[in-house]
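# Summary of the model geometry
Now for the letters of each chain:
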Amino acid sequence: MTTARWSSGFGFVLATVGAAVGLGNIWRFSAVVGQNGGGAYLVPYLIAAFICAVPMLILELSIGRSLRTDVVSAFRSIKTEYTALGWLVLGGVLLILSYYLVLTGWVLGFSLSWGLGSQTTFASFTASWQPIGYFIVATAVTGGVVSMGVRDGIERMSKVVMPTVFVLLAVLALYAVTLPEWTQAASFLFTPEFSVLTDLGIWSAAFGQVFFSMSVGQGIMLTYGSYVDAKTNLLRSAFVITVADIGAAIIAGLVIFPVVFSFGLQPTLGTELAFTTLPTAFAAMPFGRLIAVGFFGLLFFAALSSSVALLEVGVAAVENTTRLSRRQATLLLTGGVFVAGVPSALSYSPVGLAVAGRPILDLVDESVGTFALPISALCLLFAFVWVADLEIIHEELGRLYPLVRYLIPIVLVVVIAAQGVGIVHPAWRLIVDHARNGSLGLLVAAVLLLSFAILGWELRDRLRTPPRLRSRRR
């Protein structure tokens, strides 16, 4: 059982908002909106946020606060054999982190290079060894923050980083209002075309984006919930997190789309906008260098807060299930994540590491990055809602309980199926031409996640005794 606690409710909210608001809000959200009809996409996105993300947030936070432990021990507290599911969730988180840190390093590199006046492009950036260097820096900074603990590391960072993120968003949005095509951009973002709402791909993309953006289903909120004070209102906190997350995404859209339309760019380009076409616009616009520094700096701070949250899931699990100290656990996992991330970092470097013509980073993203989250969320629902059926979950969710028991599992299965057959348009790939049908990605993800589950099964009797569930519904 963990003894760490957030110092205040405000610190808890900032930390959880920091875990939720990341590259998924600022970079991926605009890419998915651009590829899925603009304002039409907002309808299923908002529906998904409030009927799926809010209940899942409450579910994870209540489990964490009730058990006061990590994601692996939480699964093991139900039944020893379920330790394997905890390791499956943990494995997915660490694999996602391994390439997420590569992206974090990229945005740091672009921010610094534009700040120094080099106005780097993606082609010149990946033609050098800079991606490797910035990947190392991003990994070291993330590990350093987590090693300092919940209050002195994660919470202290969140109190600096999250206000900075929202200030930068506000400043950039105010500048975007001055651009000539701001009205067209706002119309694109807020005017829904209801005729396209019959497209299953848009709904699947929206629900998938919400789970990714809100950081639910990965054990992050379960871990952060274990540090929450008993008096904290979890329903209110979940709504605050959701509103902040949605707000950050929409404001980011109001920053990016005015630039897109004012400089004749295509909103359907996907995530390559951030590194290939937006820099061209920054170079041509007034105060472009300053805007570029602010934009990429914003991306870095958002990515850092999410990277820290992902690493904390693993560190908490290792610290609670072994005899390692926090610093030892952080060093071990940071090193492991770095080794796992090197192939992804090398895939966009002079080495050009690829498999069958596909960069490793893209392959990891279209497998683990796409499927680990919904699979992990299903594991959480199966274990804690269908098997354990905790009384505390009924109490915290109230009338929302049927959503986590019946609706959300169906949604997750549909999302996995849609991604598996390639219905959902790939918006998270760096180079869209590399995107492939999701069936291979699903197979690779299943193999990798199953490997962690087997490891967990083998270790199930070698870990510390987990906490016991306080109550179950009879």
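Residues numbered from 1 in each chain as written. Predicted model: local features only at pLDDT ≥ 70, side-chain atom pairs only at ≥ 80, totals over all residues. Heavy atoms only, no water.

A few words now on the pattern of salt bridges. For the structure on display, the rule yields 6 salt bridges. The closest approach of N and O atoms between glutamate 312 and arginine 326, which form a salt bridge, is 2.9 Å. Here glutamate 312, found in helix 14 (residues 288-321), pairs with arginine 326, found in helix 15 (residues 326-347); they are 14 residues apart in sequence, far enough to count as distant. (Salt bridge = Lys/Arg side-chain N within 4 Å of Asp/Glu carboxyl O. Helix = DSSP H or I, 4+ residues; strand = E, 2+ residues; numbered from the N terminus.)

What follows concerns the side chain of asparagine 25. Along the chain, asparagine 25 turns up in helix 2 (residues 23-35). Within the local environment of asparagine 25, its side chain forms a polar contact with the backbone nitrogen of glycine 22, the two atoms lying 2.9 Å apart. A polar contact of 3.0 Å, which involves the side chain of asparagine 25, links it to the side chain of serine 213. What asparagine 25 contacts, discounting residues up to four positions off in sequence, is Ala20, Ser30, Ser213, Asp245, Ala249 and Ala252. (Polar contact = N/O pair within 3.5 Å; in protein donor to acceptor, adjacent residues only side chain to side chain. Contact = heavy atoms within 4.5 Å.)

All right, on to helix 14 then. Since the α-helix packs 3.6 residues into each turn, any two residues three or four apart lie on the same face. In a regular helix each residue adds 1.5 Å, so 34 residues correspond to 50 Å; helix 14 covers 50 Å between its end C-alpha atoms and thus fits that length. The element helix 14 is largely enclosed, with a buried count of 29 among its 34 residues. (Expected span 1.5 Å × (residues − 1). Buried < 20%, exposed > 50% of the residue type's maximum accessible area, 1.4 Å probe, protein only.)

The next point concerns the packing of aromatic side chains. Scanning the model with the defined rule gives 28 aromatic pairs in all. Pairing phenylalanine 188 with phenylalanine 261 gives two aromatic rings, centres 5.4 Å apart and planes at 65°, and the pair type is edge-to-face. Here the residue phenylalanine 188 occupies a position in helix 9 (residues 182-190), and phenylalanine 261 occupies one in helix 12 (residues 234-262), the gap between them amounting to 73 residues. An aromatic cluster of at least three residues, connected via ring pairs, comprises Trp106, Phe110, Trp114, Phe122, Phe125, Tyr134, Phe275, Phe282, Phe295, Phe296 and Tyr348. (Phe/Tyr/Trp six-rings, centres within 6.5 Å; stacked < 30°, edge-to-face > 60°.)

One can find leucine 397 in helix 17 (residues 391-397). Classification of leucine 397 by relative accessible area gives buried; the value is 5%. Separated by 342 residues in sequence, leucine 397 and proline 55 have C-alpha atoms that sit 6.8 Å apart. Sequence-distant contacts of leucine 397, that is, excluding residues within four places in its chain, are made with Pro55, Ile58, Leu59 and Val404.

A contiguous nonpolar surface patch, about 390 Å² in accessible area, is contributed by Leu46, Phe50, Leu235, Phe239 and Val243. Among the secondary structure elements, those contributing two or more residues to the nonpolar patch are helix 3 (39-67) and helix 12. Top element by residues in the nonpolar patch is helix 12. It accounts for 3 residues. Here phenylalanine 239 lies in helix 12. (Patch = residues over 30% accessible without salt bridge, like charges linked within 9 Å, V, L, I, M, F, W, Y side chains within 5 Å. Areas by Shrake-Rupley, 256 points an atom, 1.4 Å probe, with all protein chains shown as cover.)

We now examine the nonpolar core. The nonpolar side chains of a soluble globular protein tend to be buried, and buried together. Core analysis: the largest hydrophobic core is formed by 166 residues, its most contacted members being Phe75 and Phe384. Tallying contributions element by element places helix 5 (residues 83-115) first for this core, with 21 residues. Beyond its immediate sequence surroundings of up to four residues, phenylalanine 384 is in contact with Ile63, Leu67, Ala74, Phe75, Ile78, Asp389, Leu390 and Ile393. (Core = buried A, V, L, I, M, F, W, Y, C linked by side-chain atoms within 4.5 Å.)

Within the secondary structure, leucine 222 is located in helix 11 (residues 220-225). Residues leucine 222 and serine 62 lie 160 residues apart in sequence; the distance between their C-alpha atoms is 7.5 Å. Those residues in contact with leucine 222, other than ones at most four positions away along the chain, are Glu60, Ile63, Gly64, Thr69, Asp70, Val71, Ala74 and Leu380.

Summary statistics for the protein give a mean pLDDT of 86 and a share of 92% for residues scoring 70 or more. Residue range residues 425-435 is modelled with pLDDT below 50. Its contacts to residues more than four positions away, or to other chains, number 43 contacts. (pLDDT = per-residue confidence, 0-100.)

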